Amino acid sequence: MRKNIYLYLFLFVLLLILFQYMNQKKIFERQENKIEELREKANKAEDSLEVLSLENHNLNYFTLQGNENAMTYLERLGYEAADVETMITEKIYDFNLQKGNNPLVPFEGMNGDMKINKVKFLNHKWIQADFTDGKFWGEMILEYYFKENGDLDLTPIASFLYQN
């Protein structure tokens, strides 16, 4: 009778161990699958990041801060590209505070005063700007340069006007 109890106890423990082993194996396999899925997602994200980084680099080529030659030109004049962008952008937006149209915009506002909304520095000489009077809008290219005395000169060189 005692042998039977030990035999039953042995079988019970053996079944319990077998059950735990199978359960742990399933948990381990699920975790391995999840880890593999996460690795694949991470690899895709890294690939996407590389593509976006290259695209961003290509897009930034025609910007002041993305063009080494333009930054070098300004540095030879004693300016930092970021400081130039800030200074000129503030000056352009300050013209918006004047009564009437922004003097850089070569069009008269038909629905209000023409004001510059956005500027983008293309290089060490040119800026692209967007302007509107609320209904009509357009874009223009501004040329900028520093005179020998350090004064800034801003000149519109091309522009067009759209109608909504």
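A quick note: this is a predicted structure, and the numbers were derived from the prediction, not measured.

Criteria and cut-off values
- Residues numbered from 1 in each chain as written.
- Predicted model: local features only at pLDDT ≥ 70, side-chain atom pairs only at ≥ 80, totals over all residues.
- Heavy atoms only, no water.
- Helix = DSSP H or I, 4+ residues; strand = E, 2+ residues; numbered from the N terminus.
- Rg over C-alpha atoms; globule rule 2.2 N^0.38 Å.
- Contact = heavy atoms within 4.5 Å.
- Areas by Shrake-Rupley, 256 points an atom, 1.4 Å probe, with all protein chains shown as cover.
- Lys, Arg positive; Asp, Glu negative; His and termini not counted.
- Charge placed at Lys NZ, Arg CZ, Asp CG, Glu CD.
- Buried < 20%, exposed > 50% of the residue type's maximum accessible area, 1.4 Å probe, protein only.
- Arc of directions from axis to C-beta.
- Polar contact = N/O pair within 3.5 Å; in protein donor to acceptor, adjacent residues only side chain to side chain.
- Core = buried A, V, L, I, M, F, W, Y, C linked by side-chain atoms within 4.5 Å.
- Pairing = 2+ DSSP bridges.
- Axes fitted to C-alpha atoms, helices over the stretch in contact; angles between N-to-C directions.

A.B. asks: Which residues make up the overall build of the chain, and what values go with them?
C.D. replies: If you tally the helices and strands in the chain, you get three helices and four strands. The N-to-C order of helical and strand elements in the chain reads α-α-α-β-β-β-β. Relative to the 2.2 N^0.38 estimate, which gives 15 Å for 164 residues, the radius of gyration of the chain is 34 Å and therefore markedly larger than a compact globule would have. With respect to the three principal axes, the spread of C-alpha positions in the chain is 110 × 45 × 25 Å. Put simply, of all contacts in the chain between residues at least 6 apart along the chain, 38% involve residues at least 24 apart. On the chain, roughly 12,400 Å² of surface is accessible, and the fraction owed to carbon and sulfur atoms is 56%. Counting 18 positive and 25 negative side-chain charges, the chain places the centres of these two groups 16 Å from one another.

A.B. asks: How would you sum up helix H2 (residues 68-76)? Please name residues and give values.
C.D. replies: Where H2 is concerned, the buried positions are Ala70, Met71 and Leu74. Taken end-on, H2 shows its buried residues confined to a sector of 95 degrees, consistent with a single buried face. In H2, the exposed positions that point more than 90 degrees away from the buried face belong to Glu68, Asn69 and Arg76. Looking at the buried positions of H2, the neighbouring elements they touch are helix H3 (81-96) and strand S3 (136-146). A distance of 3.0 Å separates the backbone nitrogen of asparagine 69 from a side-chain oxygen at the start of H2, and that oxygen is part of asparagine 67. Positive phi appears at glycine 78, one or two residues downstream of H2, with a value of about 95 degrees.

A.B. asks: Residue-level account of the nonpolar core, with values.
C.D. replies: Ile88, Ile92, Ile116, Ile127, Tyr144 and Leu154 are the most contacted members of the largest nonpolar core, which has 25 residues in total. Those elements that provide at least two residues to this core are H2, H3, strand S1 (115-121), strand S2 (126-132), S3 and strand S4 (152-163). With sequence-adjacent residues up to four places away left out, isoleucine 88 is seen in contact with Phe121, Ile127, Tyr144, Phe146, Leu152 and Leu154.

A.B. asks: Describe the sheet that holds S4, naming the residues involved and giving the relevant values.
C.D. replies: In spatial order, the strands read S1-S2-S3-S4; together these four strands make up an open sheet with antiparallel pairing. Single-partner strands in this sheet number two, and they are S1 and S4. The sheet shows a mean angle of 25 degrees between the axes of neighbouring strands, direction not considered. Bridging between S1 and S2 involves six bridges; their strand directions are antiparallel. Across the sheet, lysine 115 pairs through a bridge with threonine 132, a residue of S2. Strands S1, S2, S3 and S4 of the sheet are contacted by H3, whose axis makes an angle of about 165 degrees with S1.

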